[in-house]
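Below, each chain spelled out in residue letters.
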Amino acid sequence: RAAHSLGVLCMCAAALFLLLGDAVSKHLMETWPIGQVIGVRQAIAVAIVLPWALSIGGTRTLAIGNWRLQGARGLLLLGSTWTIMTALHLLPIAPVSAIVFASPMFVALLSAPLLGERVPLRLWLAISAGFVGVLLIVRPGASGFAWALLLPVLAAMFNALRDITTRRLSRTDHSMSILFWSTLIVGVGGAIVTPFQWVPIDTLSAALWFIAGGVLYVAAQWTMIEALRLAPAALVTPFKYTGLVWALLIGILVWGDWPDVWLLAGALVIVGAGLYMARMPPP
């Protein structure tokens, strides 16, 4: 179907924008506190989304059809944002991204009970393989195990629930409404702690980095919302795995973080499971 194909393309774009945004945020957190990075980035994002929404269809594009789901999505996005940002501050970008990209497994797992979408036996096997990939990366009990690796696992769960919520919310609310209110909720979450952590942004270069972070955030969230509106969640979410390639390249080229054999093995298992899921007929 044409809509399904467009949804896949949107999710691939979202994966790229997310990775670039994560790289910008990791760079910024080398100088500025996490709360400030989130708060300023979201303020920039709101400044982009609000006039964009009003130009499309006025205030009706921001109308809320389901207050409960709008609030839930915003809080889930806030939770995933804080856990991902903290993980990026503590760990290399590649393992964080690899684990977070396991969220499609959780989405497929939950799409049957929460969305009423059919999940065949072959998909259950792919989900199981994906979780094995996560375990290869995290390696609980290994001598090199770091508790910080549990943060991206938690973020993956937040992201899966957010995607499920987005799929349901897109039936009643405009994409721009979903984007705006979630962006605002995350921004408020960052703004609460920003005054206590403020470090001056005193150069043009720094300001441009923050602006880039806001633009990439909007681009990633918009394309993700559209992907989940256009196609079933279990179909499009595996294409987030395309971001793993960018995560590995950015980690090597920018920070010199070469992946170890466990990360590569886990990532290959996750990608393999995702590609298998993507080859299955739409539910």
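Now for a quick tour of the structure.

### Points about the overall build of the protein
Then, in step 1: A count of helices and strands for the protein gives 12 helices and 0 strands.
Then, in step 2: Across the protein, helices and strands are ordered from the amino to the carboxyl terminus as α-α-α-α-α-α-α-α-α-α-α-α.
Then, in step 3: In terms of overall dimensions, the protein is globule-like: its C-alpha atoms have a radius of gyration of 18 Å, near the 19 Å expected for 283 residues.
Then, in step 4: Viewed in the frame of its principal axes, the protein has a C-alpha envelope of about 50 × 45 × 30 Å.
Then, in step 5: For the protein, the residues scored as buried account for 53% of the 283 residues in total.
Then, in step 6: Here the analysis covers contacts within the protein between residues at least 6 apart in sequence; of these, 89% occur between residues at least 24 apart.
Then, in step 7: For the protein, the accessible surface area stands at approximately 12,100 Å², while carbon and sulfur atoms represent 73% of it.
Then, in step 8: Looking at charge distribution, the protein has the averaged site of its 16 positive side-chain charges lying 14 Å from that of its 9 negative ones.

### What about the environment of arginine 229?
Then, in step 1: Examined against the element boundaries, arginine 229 turns out to sit in helix H9 (residues 204-230).
Then, in step 2: For arginine 229, a relative accessible area of 30% translates into the label partly exposed.
Then, in step 3: Along the sequence, arginine 229 and arginine 171 sit 58 residues apart, while their C-alpha atoms lie 7.9 Å from each other.
Then, in step 4: With near-sequence residues (within four places) excluded, arginine 229 lies in contact with Arg167, Ser170, Asp173, His174, Ser175 and Ile178.
Then, in step 5: At a separation of 2.9 Å, a polar atom in the side chain of arginine 229 contacts the main-chain carbonyl oxygen of aspartate 173.

### Concerning the nonpolar core
Nonpolar side chains tend toward joint burial in soluble globular proteins.
Then, in step 1: By size, the foremost hydrophobic cluster in this structure holds 64 residues, and its most contacted members are Val37 and Phe210.
Then, in step 2: Of the residues forming this core, the biggest block, 9 residues, is contributed by helix H2 (residues 34-57).
Then, in step 3: Contact partners of phenylalanine 210, with chain neighbours within four places excluded, come to Leu28, Trp32, Gln36, Val37, Val40, Ile44 and Ile201.
Then, in step 4: Within the second largest apolar cluster, 16 residues are counted, among which are Cys10, Ala156, Met224 and Val236.

### A closer look at the pattern of salt bridges
Then, in step 1: Evaluated as defined, the whole model comprises 3 salt bridges.
Then, in step 2: The shortest N-O distance in the salt bridge between arginine 139 and aspartate 260 comes to 4.0 Å. One end of the pair, arginine 139, is in the loop between helix H6 (121-138) and helix H7 (150-169); the other, aspartate 260, is in the loop between helix H11 (242-255) and helix H12 (261-279), and 121 residues separate them in sequence.
Then, in step 3: Judged by relative accessible area, arginine 139 falls into the partly exposed class, the value being 24%.
Then, in step 4: Accessibility expressed as a relative area gives 38% for aspartate 260, which makes it partly exposed.
Then, in step 5: For the salt bridge of aspartate 163 with arginine 162, the shortest nitrogen-to-oxygen distance reads 3.0 Å.

Procedures and definitions
Residues numbered from 1 in each chain as written. Predicted model: local features only at pLDDT ≥ 70, side-chain atom pairs only at ≥ 80, totals over all residues. Heavy atoms only, no water. Helix = DSSP H or I, 4+ residues; strand = E, 2+ residues; numbered from the N terminus. Rg over C-alpha atoms; globule rule 2.2 N^0.38 Å. Buried < 20%, exposed > 50% of the residue type's maximum accessible area, 1.4 Å probe, protein only. Contact = heavy atoms within 4.5 Å. Areas by Shrake-Rupley, 256 points an atom, 1.4 Å probe, with all protein chains shown as cover. Lys, Arg positive; Asp, Glu negative; His and termini not counted. Charge placed at Lys NZ, Arg CZ, Asp CG, Glu CD. Polar contact = N/O pair within 3.5 Å; in protein donor to acceptor, adjacent residues only side chain to side chain. Core = buried A, V, L, I, M, F, W, Y, C linked by side-chain atoms within 4.5 Å. Salt bridge = Lys/Arg side-chain N within 4 Å of Asp/Glu carboxyl O.

In short, the description is geometric, and any link to function would need to be established separately.
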